[in-house]
Amino acid sequence: MKITDDYKAKYRLWAANPRVIAASAPPKLPKFASRKFSSHAEMNEWKRNLLREIAHVTASHG
Amino acid sequence: MNGSETCFAKLLTSLHLMDDLFQAFDKAGVRYLLIGGQAMRLFGMPRYSMDWDFLIPPRDAQNFSKLNDVLDAEFDVPLEMLGPNGENFVQTYQTRWGVLQFHLGIPGVPRFDAAESAGVIRQTENGTAVKCLSGPNLLAAKKAAARPQDQADIEFLMELQRLGKLT
């Protein structure tokens with residue numbers, strides 16, 4: 001088996017030599033007000049909808 | 001705005017990088033632990049995240065006051081303590097540094113005080129010290145969350161553990 005056939009190989013390579021890569025610039029998101037959630041499930045649902053909205057906006061702008 | 005708040009507000013206007021915010025947290029004595037994808041990155045996993053997730057003590061009034069002072073110019077409404085019925089458990093803000101999310105608890109991890117005692121200092125790519133959830137607690141949190149997007153993080157942390165590098 002080639003190393004490229006083993007999808008876990010990358011984790012072994014990264015863990016053997018951990019390096020901190022630079023943080024990416026924050027994405028351009030539509031402006032939203034702060035949100036407060038009572039659970040992670042509630043927050044994850046909101047986030048899914050936000051990502052869906054971003055995908056639609058991106059797709060509609062080609 | 002009192003003298004201390006004015007001082008923090010002035011400080012905030014000079015914060016360009018996330019590193020500057022971490023330094024402001026330290027200067028103000030803010031209690032926090034970095035968790036989530038950005039913590040994974042500081043553990044050495046080449047990973048993208050649009051959020052900065054923080055675990056903070058849920059009812060430390062003084063800590064909320066410090067956080068709100070440091071971030072006064074960025075917040076439209078202040079961070080609030082955990083409510084009697086679980087209100088404010090996760091609070092999300094859009095800021096100049098990206099999305100900041102404050103978690104007043106996370107599954108799989110002990111209470112904040114214990115998690116803080118076990119916490120580790122990691123360094124950003126610029127050498128800034130950041131207080132992070134410990135590796136074993138990060139792994140426990142990822143396993144407890146059990147979301148599809150956590151699987152790669154779990155694989156990486158388990159490999160660190162296998163190599164005796166998960167601290």
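Residues numbered from 1 in each chain as written. Chains lettered and ligands numbered in written order. Predicted model: local features only at pLDDT ≥ 70, side-chain atom pairs only at ≥ 80, totals over all residues. Heavy atoms only, no water.

Caption draft 1: Here's a closer look at the side chain of Gln94(B). By the element assignment, Gln94(B) lies in strand β3 (residues 90-95). Within the local environment of Gln94(B), its side chain forms a polar contact with the backbone oxygen of Pro30(A), the two atoms lying 3.3 Å apart. Within the structure, Gln94(B) has its side chain in polar contact with the backbone nitrogen of Phe32(A) (distance 2.8 Å). Beyond its immediate sequence surroundings of up to four residues, Gln94(B) is in contact with Leu29(A), Pro30(A), Lys31(A), Phe32(A) and Glu74(B). (Helix = DSSP H or I, 4+ residues; strand = E, 2+ residues; numbered from the N terminus. Polar contact = N/O pair within 3.5 Å; in protein donor to acceptor, adjacent residues only side chain to side chain. Contact = heavy atoms within 4.5 Å.)

Caption draft 2: Quick peek at the side chain of Asp150(B). Residues and elements named next belong to chain B. Along the chain, Asp150 turns up in the loop between α6 (135-145) and α7 (151-162). Reaching out from Asp150, the side chain makes a polar contact with the side chain of Lys142 at a distance of 3.2 Å. Residues in contact with Asp150, not counting those within four places in the same chain, are Lys142 and Ala145.

Caption draft 3: Structural detail: the packing of helix α1 (residues 9-16) of chain A against α7(B). Here α1(A) crosses α7(B) at 50°, and the two axes come no closer than 9 Å. The orientation of α1(A) relative to α7(B) falls into the category oblique. Where α1(A) crosses over α7(B), the handedness of that crossing is right-handed. Contacts between α1(A) and α7(B) involve Tyr11(A), Arg12(A), Trp14(A) and Ala15(A) from the former and Ala152(B), Glu155(B), Phe156(B), Glu159(B), Leu160(B) and Arg162(B) from the latter. Looking at the contact of α1(A) with α7(B), its residues break down into six nonpolar, no polar and four charged. (Axes fitted to C-alpha atoms, helices over the stretch in contact; angles between N-to-C directions. Parallel < 35°, antiparallel > 145°, perpendicular 65-115°, else oblique. Left-handed = near helix turned anticlockwise from the far one by under 90°. Nonpolar A, V, L, I, M, F, W, Y, C, P; charged D, E, K, R; others polar.)

Caption draft 4: Inspection of the packing of aromatic side chains at higher detail. Residue and element names in this part refer to chain B. Within the structure shown, the criterion is met by 14 aromatic pairs over all chains. With a centroid separation of 5.4 Å and an interplanar angle of 20°, the aromatic rings of Phe54 and Phe102 are classed as stacked. With a gap of 48 residues between them, Phe54 in strand β2 (residues 51-55) and Phe102 in strand β4 (residues 98-103) connect regions that are remote in the sequence. Looking at Phe102, the relative accessible area reads 0%, which means it is buried. In this structure an aromatic cluster arises from ring pairing among Phe22, Phe25, Tyr32, Trp52, Phe54, Phe75, Tyr93 and Phe102. (Phe/Tyr/Trp six-rings, centres within 6.5 Å; stacked < 30°, edge-to-face > 60°. Buried < 20%, exposed > 50% of the residue type's maximum accessible area, 1.4 Å probe, protein only.)

Caption draft 5: How the structure looks around the environment of Ala152(B). Here Ala152(B) lies in helix α7. Judged by its relative accessible area of 25%, Ala152(B) falls in the partly exposed class. Considering only alpha carbons, one finds Ala152(B) and Asp51(B), 101 residues apart in sequence, at a separation of 17 Å. With residues near it in sequence (within four places) discarded, Ala152(B) still touches Tyr11(A) and Met45(B).

Caption draft 6: Summary view of helix α2 (residues 18-28) of chain B. Within α2(B), eight of the eleven residues are buried, which leaves the element mostly enclosed by the surrounding structure. Every buried residue of α2(B) is listed here: Met18(B), Asp19(B), Asp20(B), Leu21(B), Phe22(B), Ala24(B), Phe25(B) and Ala28(B).

Caption draft 7: Spotlight on the interface of chain A and chain B. Residue-level contacts link 34 residues of chain A with 46 residues of chain B. Around 3,100 Å² of area is buried between chain A and chain B when both sides are counted, 61% of it from carbon and sulfur atoms. One can count three salt bridges joining chain A with chain B. The partner of Lys47(A) in a salt bridge is Asp51(B), with the nearest N and O atoms 2.3 Å apart. Between the two partners, chain A and chain B, sit 16 residue pairs in polar contact (both at pLDDT 80 or more). Ranked by residues supplied to the side of chain A that touches chain B, first place goes to helix α2 (residues 40-60) of chain A with six residues. Looking at the side of chain A that touches chain B residue by residue, the classes come out as 20 nonpolar, seven polar and seven charged. Across three bridges, the pairing between strand β1 (residues 35-37) of chain A and β3(B) is antiparallel. Residue pairing across strands places Phe37(A) opposite Val90(B), the latter belonging to β3(B). (Buried area = accessible area lost by both parts, 1.4 Å probe. Salt bridge = Lys/Arg side-chain N within 4 Å of Asp/Glu carboxyl O. Pairing = 2+ DSSP bridges.)

Caption draft 8: Looking closely at the pairing of β4(B). Residue and element names in this part refer to chain B. Of all six residues that make up β4, six are buried, and the element is covered over most of its length. Note that β2 and β4 share five bridges and pair parallel. Note on β4: the bridge partner recorded for Trp52 is Leu100. Counting the residues between successive antiparallel strands, the hairpin from β3 to β4 contains two residues.

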